[in-house]
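Here is how the chains run, residue by residue.
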Amino acid sequence: MVMDAANKLGTYIPHFCYHKKLSIAANCRMCLVEVEKAPKPLPACATPVSAGMIVRSASDKAVQAQRGVMEFLLINHPLDCPICDQGGECQLQDLAVGYGNSASRYEEEKRVVKPKEAGPLVSMQEMARCIQCTRCVRFGQEVAGVMELGMIGRGEHSEIVSFVGQTVNSEMSGNMIDLCPVGALTSKPFRYSARSWELSRRKSVSPHDGLGANLIVQVKGGKVKRVLPLENDDVNECWISDKDRFSYEGLEAADRLTQPMLKQGGEWKEVDWQTALEYVAHGLKNIKHEHGAEGIAALATPHSTLEELHLLQKLVRGLGSNSVDTRLRQSDLSLDAGVTPWLGMSINDFGRLNRAFVIGSFLRKDHPLLATRLRTAIKAGAKLSILHAADDDLLMNVANKMIAAPSDWLAALSEVVVAVAKAKEIAAPAGFEAISASDAANAIAASLLSGENKAVLLGNAATQHPQAAALHAAAQWIAEQTGAKLGYLTEAANTVGAYLAKANSATAPAFSTPKQAYVLLNVEAELDAANPQQAKTALDKAEMVVVLSAYKHGMAYADVLLPVSPFSETSGTFVNCEGRAQSFNGTVRPLLETRPAWKVLRVLGNILGLDGFDYETSEAVRDEVLGAGVVDLSARLNNAAKAAPVAAAHVAAAGLERVTDVPIYFADALVRRAESLQKTADAAAPQAQLSSQLAQQLGVVAGDKVKVSQGGGSAVLVAAIDAKLPANAVRVAAAHASTAALGAMFGSINVEKAGEGK
């Protein structure tokens with residue numbers, strides 16, 4: 001289009017409705033240009049370029065047309081720039097200076113549009129400012145995959161509205177705020193808290209999911225006021241998820257830890273850093289002396305930086321222990337030591353897939369931005385197949401589905417193995433002779449054997465599965481035989497970095513073997529562990545628990561609390577799912593006595609008298625792990641395991657089993673404390689989701705209370721009916737206080753109507 005050609009030449013044509021990532025609407029008409037031999041001005045965004053075409057974007061005729069459009073746009077627009085939240089960064093304001101008149105010729109009353117309620121994130125209080133560019137509508141349909149806003153009325157009665165009684169609940173909704181060229185859609189959490197010209201802008205990287213979205217963190221008075229996307233077409237394009245955008249509210253949470261604390265005589269007391277660190281060093285030396293070095297374990301979340309994880313494992317190994325891990329939600333650690341789970345391709349290649357087979361992933365909520373890439377590929381003709389226990393709406397066409405309880409996943413994959421062997425007319429691996437393929441398995445095999453760019457992808461639930469290594473082996477065989485790439489949709493910002501920092505060396509799952517001393521970095525054990533009961537028991541029994549955290553938590557079992565910086569107050573590096581190392585600096589100063597965790601670990605290493613803890617900067621730590629100036633680490637990453645696939649046959653259900661998701665706004669410490677995110681539909685308290693068959697059997701209807709029991713713990717939850725769940729499955733979310741009394745994320749579970757039975 002003429003607009004794209006002009007952009008390539010660096011020629012600016014004024015516009016409102018055009019956006020390079022959205023379809024062409026041509027409804028604002030601001031981009032009218034003069035095209036030679038055309039009888040009237042044409043919209044640059046919807047006029048295709050042809051050979052020899054002469055276009056004038058700033059001729060008298062073009063400018064007169066643009067000024068006329070601007071006059072029409074301003075007829076009904078309120079003159080409230082001084083109190084508008086978009087003031088100072090408003091496209092309409094900027095273009096009105098260039099193309100508007102100094103006074104309006106219209107004396108009639110301006111139209112009034114009633115405010116709308118769109119939920120806790122997006123404000124639609126000032127819809128009289130809307131110029132009907134429809135960017136927000138097109139974004140919902142084309143990128144987010146769900147049409148949450150639409151237009152009603154005609155002419156000057158046109159209005160953008162949400163569906164009757166509905167709020168905006170997409171995990172990508174905040175991008176509508178960026179897209180709005182006027183002050184109609186604004187950020188509810190940011191509203192009236194700062195002016196755009198008062199904010200300092202600093203680059204950063206998201207600490208949440210495995211994509212590593214690039215951010216602009218906006219700061220005023222030493223506090224983070226707003227987070228926006230930093231455009232990077234290789235990573236997050238020009239979008240970020242709501243989790244990346246609004247989690248900054250958690251930085252100001254009421255339970256921020258700002259002073260080191262010691263528990264003395266059962267009471268917590270604030271102390272200085274020297275006292276706290278000497279206490280920790282003395283305690284760790286005593287444990288080592290009395291129980292041996294293997295009595296000490298260090299656990300961190302994979303949301304910690306590369307530098308923090310490197311120094312943590314160096315500290316523990318310096319004491320003589322090998323027990324350090326970030327795989328807190330995993331229960332099977334038997335995958336080959338040489339395997340570093342990663343995407344297996346670049347993020348751009350992921351967006352160009354023709355065929356994808358996704359195993360065990362709550363795709364939309366676990367990986368919002370990767371889901372948008374896949375959605376775009378599917379619109380262009382790609383085919384998606386899934387194997388999962390839940391049949392959630394992914395907001396994209398799914399060609400083939402195998403919905404099975406988690407204990408049946410390996411059996412389902414065995415069927416796909418047999419189907420691929422049959423289609424290729426080769427022998428299936430040894431042990432698969434008795435397996436026969438279902439229609440769904442044959443369809444998935446046929447899909448993977450067609451197309452060019454193909455991938456078999458393992459999601460978070462597959463990684464956390466008790467048979468994770470066996471699922472990997474089957475998936476690897478399928479990928480090899482179909483010419484597909486094998487990849488992992490990695491869980492957290494630094495899942496890959498944790499492997500590179502050698503911070504995953506434990507041989508048993510976290511907390512399964514109780515230790516005498518635990519050093520916990522950013523870990524909230526009862527919410528981050530695969531088995532909260534096991535975690536609590538191990539920590540209660542331990543002689544010493546050291547918690548390095550930005551928040552006050554774990555006070556029941558901890559002995560020392562050390563306040564360490566969240567991502568906004570420290571420098572560091574995250575290695576994303578494609579093996580891209582992205583370093584960032586702190587955007588604000590550490591709060592009060594908070595210190596960056598890498599500095600705390602460095603000083604602790606010095607107090608313990610360990611070698612190799614003399615770093616001046618976080619960059620020196622990073623270079624020790626990766627080498628100087630290394631960004632692309634994909635050559636060092638390997639998804640290929642040596643194990644041969646093992647066959648599994650379907651077995652009759654022996655009772656109920658749990659299906660567990662980690663909801664998008666419960667996944668890490670920062671989002672759990674982001675006030676606005678916690679008011680969204682996705683942050684609602686967990687329910688016990690039952691299949692229709694099971695609900696009927698128990699005499700339960702949606703809204704009833706049920707008692708869910710697992711491993712000696714129980715919770716009373718509200719029942720919901722999900723007709724798509726496997727008959728013997730009960731879906732209960734993890735990482736929430738209301739379900740933290742339950743046991744492992746996978747395994748048998750009991751449900752009874754509350755008030756009945758035992």
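Residues numbered from 1 in each chain as written. Predicted model: local features only at pLDDT ≥ 70, side-chain atom pairs only at ≥ 80, totals over all residues. Heavy atoms only, no water.

This part is about the sheet that holds strand S25 (residues 657-659). Read across the sheet, six strands follow the order S25-S29-S26-S28-S27-S30 without closing on themselves; strand pairing throughout is mixed. The outermost strands of the open sheet, each flanked by one partner alone, are S25 and strand S30 (750-753). This sheet shows a mean twist of 40 degrees between the axes of neighbouring strands, independent of strand direction. (Pairing = 2+ DSSP bridges. Helix = DSSP H or I, 4+ residues; strand = E, 2+ residues; numbered from the N terminus. Axes fitted to C-alpha atoms, helices over the stretch in contact; angles between N-to-C directions.)

Moving on to the confidence of the model for the protein chain. In the predicted model, the protein chain carries a mean pLDDT of 94, and 100% of its residues have values of at least 70. Of all the helices and strands in the protein chain, strand S6 (residues 159-162) carries the lowest mean pLDDT, 92, while strand S22 (residues 560-563) carries the highest, 98. (pLDDT = per-residue confidence, 0-100.)

Often the size quoted for an interface is simply the accessible area lost on bringing the parts together. By the assigned domains, the protein chain splits into domain 1 (2-198), domain 2 (261-333 + 495-634), domain 3 (347-489) and domain 4 (657-753). Placing a centre on the C-alpha atoms of domain 3 and another on those of domain 4 gives a separation of 26 Å. Each side of the interface is counted separately: domain 3 has 17 residues, and domain 4 has 15 residues. Carbon and sulfur atoms make up 62% of the area that domain 3 and domain 4 hide from each other, which totals about 1,300 Å². By the criterion of area lost to domain 4, the three top residues of domain 3 are Phe 362, Lys 365 and Gln 464, representing 34% of everything that side buries. Scanning the region where domain 3 abuts domain 4 turns up two salt bridges. One can count three residue pairs in polar contact (both at pLDDT 80 or more) joining domain 3 with domain 4. Counting residues per element, the ones that place at least two in the side of domain 3 that touches domain 4 are helix H10 (363-366) and helix H14 (460-464). (Domains from an automatic or database assignment. Contact = heavy atoms within 4.5 Å. Buried area = accessible area lost by both parts, 1.4 Å probe. Salt bridge = Lys/Arg side-chain N within 4 Å of Asp/Glu carboxyl O. Polar contact = N/O pair within 3.5 Å; in protein donor to acceptor, adjacent residues only side chain to side chain.)

Here we come to the UniProt feature "domain: 4Fe-4S His(Cys)3-ligated-type" (unreviewed entry) in the protein chain. UniProt's entry tags residues 61-100 with the feature "domain: 4Fe-4S His(Cys)3-ligated-type" (unreviewed entry), counted in the numbering of this structure. Here residues 61-100 runs as 57% helix and 0% strand, with 16 Å between its end C-alpha atoms. (UniProt positions renumbered as here; feature names shortened; annotations may be inferred.)

Under the defined criterion, the tally for this structure stands at three aromatic pairs. Here Phe 139 and Trp 239 contribute two aromatic rings whose centre-to-centre distance is 5.0 Å and whose plane-to-plane angle is 55 degrees, an arrangement assigned as tilted. Note that Phe 139 is positioned in helix H4 (residues 135-144) and Trp 239 in the loop between strand S10 (223-229) and helix H6 (242-246), a separation of 100 residues in sequence. Over the ring of Phe 190 we find Arg 226; its NZ or CZ atom is 4.3 Å from the centre of that ring. The side chain of Arg 673 reaches across the aromatic face of Tyr 551, ending 4.0 Å from its centre. (Phe/Tyr/Trp six-rings, centres within 6.5 Å; stacked < 30°, edge-to-face > 60°. Lys NZ or Arg CZ within 6 Å of the ring centre and 35° of its normal.)

Moving on to the environment of Ala 535. Among the structural elements, Ala 535 can be located in helix H18 (residues 532-541). Other than its neighbours up to four places away in sequence, Ala 535 contacts Phe 511, Ala 525 and Ala 529.

Here we come to the sheet that holds strand S8 (residues 200-205). One open sheet accounts for three strands, arranged S8-S9-S10; its pairing is antiparallel. Across the chains shown, the open sheet's two edge strands, defined by having one partner strand only, are S8 and S10. In this sheet, adjacent strand axes meet at a mean angle of 35 degrees when their direction is disregarded. In this structure, S8 lies alongside strand S9 (residues 214-220), joined through six bridges in antiparallel fashion. Across the sheet, residue Ser 204 finds its bridge partner in S9, namely Leu 215.

Next up on the list: the environment of Ala 641. Mapping Ala 641 onto the fold places it in the loop between helix H20 (618-626) and S25. You can call Ala 641 buried: its relative accessible area is 11%. In this structure, the C-alpha to C-alpha distance between Ala 641 and Ser 158, residues 483 residues apart in sequence, is 58 Å. If sequence neighbours within four positions are ignored, Ala 641 has contacts with Leu 335, Asp 336, Val 339, His 472 and Gln 476. (Buried < 20%, exposed > 50% of the residue type's maximum accessible area, 1.4 Å probe, protein only.)

Helix packing geometry: the angle between the two helix axes and the distance between the axes. Across the interface, helix H8 (residues 306-318) lies against helix H19 (residues 597-607) with an axial gap of 8 Å and an inter-helix angle of 20 degrees. Here H8 lies roughly parallel to H19, going by the angle between them. Here the hand of the crossing between H8 and H19 comes out left-handed. Contacts between H8 and H19 involve Glu 307, Glu 308, Leu 311, Leu 312 and Leu 315 from the first element and Ala 597, Trp 598, Leu 601, Arg 602, Leu 604 and Gly 605 from the second. Partitioning the contact of H8 with H19 into residue classes produces seven nonpolar, one polar and three charged. (Parallel < 35°, antiparallel > 145°, perpendicular 65-115°, else oblique. Left-handed = near helix turned anticlockwise from the far one by under 90°. Nonpolar A, V, L, I, M, F, W, Y, C, P; charged D, E, K, R; others polar.)

A few words on the state of the cysteines. By the definition in use, this model includes zero disulfides. Cysteine Cys 90 remains unbridged, with the sulfur of Cys 84 as its closest cysteine sulfur at 6.1 Å. You can see Cys 130 has no disulfide; the closest cysteine sulfur is in Cys 136, sitting 6.5 Å from it. (Disulfide = S-S within 2.5 Å.)

Glancing now at the pattern of salt bridges. Scanning the model with the defined rule gives 37 salt bridges in all. Here Asp 528 makes a salt bridge to Arg 329, at a shortest N to O gap of 3.3 Å. Of this pair, Asp 528 sits in helix H17 (residues 525-528) while Arg 329 sits in the loop between strand S14 (324-325) and helix H9 (347-350), placing them 199 residues apart in sequence. The exposure classification of Asp 528 matches that of Arg 329, with both residues buried.

Listed as buried for helix H13 (residues 439-449) are Ala 441, Ile 444, Ala 445, Ser 447 and Leu 448. Each buried residue of H13 sits inside an arc of 160 degrees when the element is viewed along its axis, so together they form one side. Summarising the contacts, the buried residues of H13 are in contact with strand S15 (355-359), strand S16 (383-388), strand S17 (400-403), helix H12 (409-424), strand S18 (454-458) and helix H15 (468-482). Remark: Gly 451 follows H13 within two positions and exhibits a positive phi of approximately 75 degrees. (Arc of directions from axis to C-beta.)

You can see Ser 247 is positioned in the loop between H6 and strand S11 (261-264). Residue class for Ser 247 comes out buried when judged on its relative accessible area of 1%. Among the polar contacts made by the side chain of Ser 247, one reaches the side chain of His 208 at a distance of 2.8 Å. Those residues in contact with Ser 247, other than ones at most four positions away along the chain, are His 208, Asp 242, Leu 670, Val 671, Ala 674 and Leu 677.

UniProt tags residues 199-255 as "domain: 4Fe-4S Mo/W bis-MGD-type" (unreviewed entry). When the span residues 199-255 is considered, its composition is 9% helix and 35% strand, and the gap between its end C-alpha atoms is 26 Å.

The next subject is unusual backbone geometry. When glycine is set aside, most residues are seen to have a negative phi, and most peptide bonds are trans. Even without a glycine there, the phi angle at Lys 37 is positive, about 80 degrees. For Lys 37, the location among the structural elements is in the loop between strand S1 (32-35) and strand S2 (42-43). By relative accessible area, which is 84% here, Lys 37 ends up exposed. The phi dihedral of Leu 395 is positive, around 60 degrees, even though this residue is not glycine. One can find Leu 395 in the loop between S16 and S17.

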